[in-house]
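Summary of structural features
Read off the chains here:
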Amino acid sequence: KAGVTQTPRYLIKTRGQQVTLSCSPISGHRSVSWYQQTPGQGLQFLFEYFSETQRNKGNFPGRFSGRQFSNSRSEMNVSTLELGDSALYLCASSVSSGDNEQFFGPGTRLTVL
Amino acid sequence: GDSVTQMEGPVTLSEEAFLTINCTYTATGYPSLFWYVQYPGEGLQLLLKATKADDKGSNKGFEATYRKETTSFHLEKGSVQVSDSAVYFCALSDMGSNYKLTFGKGTLLTVNP
């Protein structure tokens, strides 16, 4: 069974631009969560989607948004990029919302110049 | 709110040494506890978990016991290998926070031959 896939793996953008990251969950998994990993703040929860609905949201500004499609694939978007948005963005999938076991993808490394 | 505190390291050991990484938590409810491992350039992998008090999670020689009285979930391994070199994250999830994962800052472990 294929694992969680994230595309692209690496991205370089400049301040003010916007970016869209994609996550394909494990087949049969309907919940997708997004996390931001930085050296200073560590791993922080962004949001969770289940059945195309946002179920949970972390403490990030409105520039960070996401969505989920009917096939459970998810995208997150960051608008008006800032230098501080440089991070590894991790996606995790689970069978359902509230499931104890989340499986992580390899991440997308975003660099903002 | 929920929080996880773990020794930040870095921890450097010789092969076959005993490993302990301390982890304590604060949670509003009755959380599930996890240890994740991140190898260089990769996403997070679930190493072990425990869902109720006195449960012992174990995998690949690593163990951790859910201690409700001391709110702790320390990771141990009797004999580490060079291949165990990675960053280890303690995490929790509970119903009060809609099951989002709350992570510690991570502990970098380096095992020398």
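The structure under discussion appears in the preceding block.
The model shown is predicted, which means the values in this text are computed figures rather than measured ones.

Contact residues are listed per partner, giving 20 residues for chain A and 20 residues for chain B. Roughly 1,500 Å² is buried in total at the junction of chain A and chain B, and carbon and sulfur atoms are behind 51% of that figure. Scanning the region where chain A abuts chain B turns up 1 salt bridge. We note a salt bridge from K49 of chain B to E101 of chain A, for which the minimum N-O separation is 3.3 Å. One can count 5 residue pairs in polar contact (both at pLDDT 80 or more) joining chain A with chain B. Taken together, the elements giving at least two residues each to the side of chain A that touches chain B come down to β4 (31–38), β5 (42–50), β6 (53–57) and β9 (87–94) of chain A. In terms of residues, the side of chain A that touches chain B owes the most to one element, β5 of chain A, which gives 4 residues. Looking at the side of chain A that touches chain B residue by residue, the class counts come to 7 nonpolar, 9 polar and 4 charged.

So, about the pattern of salt bridges. Evaluated as defined, the whole model comprises 9 salt bridges over all chains. In this structure, D55 of chain B engages K52 of chain B in a salt bridge whose closest nitrogen and oxygen atoms are separated by 3.4 Å. The exposure class assigned to K52 of chain B is partly exposed, which follows from its relative accessible area of 48%. What emerges from the salt-bridge pattern is a single network uniting R63, E82 and D85 of chain A.

In this structure, L19, W35, L47, L48, F73, L75 and Y88 of chain B are the most contacted members of the largest nonpolar core, which totals 25 residues. Elements that contribute at least two residues to this core include exactly β2 (11–14), β3 (19–21), β4 (23–26), β5 (32–38), β6 (44–50), β8 (62–65), β10 (86–93) and β12 (107–112) of chain B. Among the elements that line this core, the one with the most residues is β10 of chain B, at 4 residues. Residues F60, M76, V78 and C91 of chain A belong to the second largest nonpolar core, which totals 21 residues.

Moving on, we get to the sheet that holds strand β7 (residues 64–68) of chain A. All names here are of chain A. Across the sheet, which stays open at both edges, the 4 strands sit in the order β1-β3-β8-β7 with antiparallel pairing between neighbours. Looking along the sheet, the strands with just one partner apiece sit at the ends: β1 (5–7) and β7. Taking each pair of neighbouring strands and ignoring which way they run, the sheet shows an average axis angle of 20 degrees.

All names here are of chain A. Among the 9 residues in β5, 8 count as buried, and that is most of the element. Pairing geometry for β4 and β5, over 8 bridges, is antiparallel. By the bridge assignment, V32 is partnered in β5 with Y49. Joining the antiparallel neighbours β4 and β5 is a turn of 3 residues. In the sheet, β5 pairs with β6 via 4 bridges, with the strands oriented antiparallel. Residue pairing for β6: F47 is matched across the bridge by K57.

Definitions and cut-offs
Residues numbered from 1 in each chain as written. Chains lettered and ligands numbered in written order. Predicted model: local features only at pLDDT ≥ 70, side-chain atom pairs only at ≥ 80, totals over all residues. Heavy atoms only, no water. Contact = heavy atoms within 4.5 Å. Buried area = accessible area lost by both parts, 1.4 Å probe. Salt bridge = Lys/Arg side-chain N within 4 Å of Asp/Glu carboxyl O. Polar contact = N/O pair within 3.5 Å; in protein donor to acceptor, adjacent residues only side chain to side chain. Helix = DSSP H or I, 4+ residues; strand = E, 2+ residues; numbered from the N terminus. Nonpolar A, V, L, I, M, F, W, Y, C, P; charged D, E, K, R; others polar. Buried < 20%, exposed > 50% of the residue type's maximum accessible area, 1.4 Å probe, protein only. Core = buried A, V, L, I, M, F, W, Y, C linked by side-chain atoms within 4.5 Å. Pairing = 2+ DSSP bridges. Axes fitted to C-alpha atoms, helices over the stretch in contact; angles between N-to-C directions.

Keep in mind these values describe shape, not function.
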